[in-house]
Amino acid sequence: MSPTFPVPTRSAPLTARRTEYRPGLLVLTFAGEIDALTLPILDRELRAAPPGTTVVDLTQVAFVGLAGARALAAAAERAQADGGCFGVVANSRTLARLFRVTGLAAGVPMFASLSDALRELLAAGVQDRAC
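This write-up is about the structure you can find in this document. Keep in mind that what you see is a predicted model, and the values were worked out from it rather than measured. (Residues numbered from 1 in each chain as written. Predicted model: local features only at pLDDT ≥ 70, side-chain atom pairs only at ≥ 80, totals over all residues. Heavy atoms only, no water.)

Quick look at the packing of helix α1 (residues 39-47) against helix α2 (residues 66-81) now. Two quantities define a packed helix pair, namely the angle between the axes and the distance from one axis to the other. One way to put it is that α1 packs onto α2 with a least axis distance of 10 Å and a crossing angle of 5°. Put simply, α1 runs roughly parallel to α2. Note on element contacts: α2 touches α1 through Ala-67, Gly-68, Ala-71, Leu-72, Ala-75 and Arg-78, opposite Leu-39, Leu-42, Asp-43, Leu-46 and Arg-47. When grouped by side-chain class, the residues that make up the contact of α1 with α2 number seven nonpolar, one polar and three charged. (Axes fitted to C-alpha atoms, helices over the stretch in contact; angles between N-to-C directions. Helix = DSSP H or I, 4+ residues; strand = E, 2+ residues; numbered from the N terminus. Parallel < 35°, antiparallel > 145°, perpendicular 65-115°, else oblique. Contact = heavy atoms within 4.5 Å. Nonpolar A, V, L, I, M, F, W, Y, C, P; charged D, E, K, R; others polar.)

So this is what it looks like as structure tokens:
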């Protein structure tokens with residue numbers, strides 16, 4: 001007889017914090033889980049990001065579902081279409097694997113720390129090259 005595991009009926013809450021370091025530089029920090037139930041929070045915050053450089057910090061996120069990965073990819077495409085920069089901070093091997101498997105890693109810069117993301121994306125923006 002195989003063991004049974006409880007099926008979660010709710011996701012962990014997702015919180016979002018917006019920090020505007022300066023005009024044109026927004027850091028969105030999320031904590032919790034990004035799945036079908038919390039996706040509207042992620043999507044709302046990403047769509048409300050002003051033009052410029054947006055960094056999404058997922059270091060406090062335990063899980064990102066496929067819908068969350070798609071929302072990040074769409075936000076990166078919007079930022080690039082508007083001439084902005086977009087990057088994700090994630091230090092989890094699981095998230096890195098999700099980015100590789102879904103192809104998100106090819107289109108969205110991923111960084112191990114917020115300081116790395118800010119340094120690289122700001123340098124790209126100053127030199128006016130593709131982010």
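Once the structure has been displayed, the description carries forward.
For the rest of this paragraph, the subject is the nonpolar core. Leu-46, Val-56, Leu-58, Leu-72, Phe-86 and Val-88 are the most contacted members of the largest nonpolar core, which has 25 residues in total. With sequence-adjacent residues up to four places away left out, Val-56 is seen in contact with Leu-28, Phe-30, Leu-46, Leu-72, Phe-86, Gly-87, Val-88 and Val-89. (Core = buried A, V, L, I, M, F, W, Y, C linked by side-chain atoms within 4.5 Å. Buried < 20%, exposed > 50% of the residue type's maximum accessible area, 1.4 Å probe, protein only.)

Taken residue by residue, helix α3 (residues 93-102) has Leu-95, Leu-98 and Phe-99 as its buried positions. Considered in projection along α3, the buried side chains sweep an arc of 100° and stay on one side of the axis. Opposite the packed face of α3, turned more than 90 degrees from it, sit the exposed residues Arg-93, Thr-94, Arg-100 and Val-101. Capping the start of α3, Ser-92 holds a side-chain oxygen 3.1 Å from the backbone nitrogen of Thr-94, two or three residues further along. With its phi angle positive at about 85°, Gly-103 sits one or two positions after the end of α3. (Arc of directions from axis to C-beta. Polar contact = N/O pair within 3.5 Å; in protein donor to acceptor, adjacent residues only side chain to side chain.)

What follows concerns the side chain of Thr-54. The residue Thr-54 is located in strand β3 (residues 53-64) in this model. Exposure remark for Thr-54: the relative accessible area of 5% places this residue in the buried category. When near neighbours in sequence (up to four residues on either side) are disregarded, Thr-54 contacts Leu-26, Leu-28, Ala-49, Cys-85, Phe-86, Gly-87 and Leu-121.

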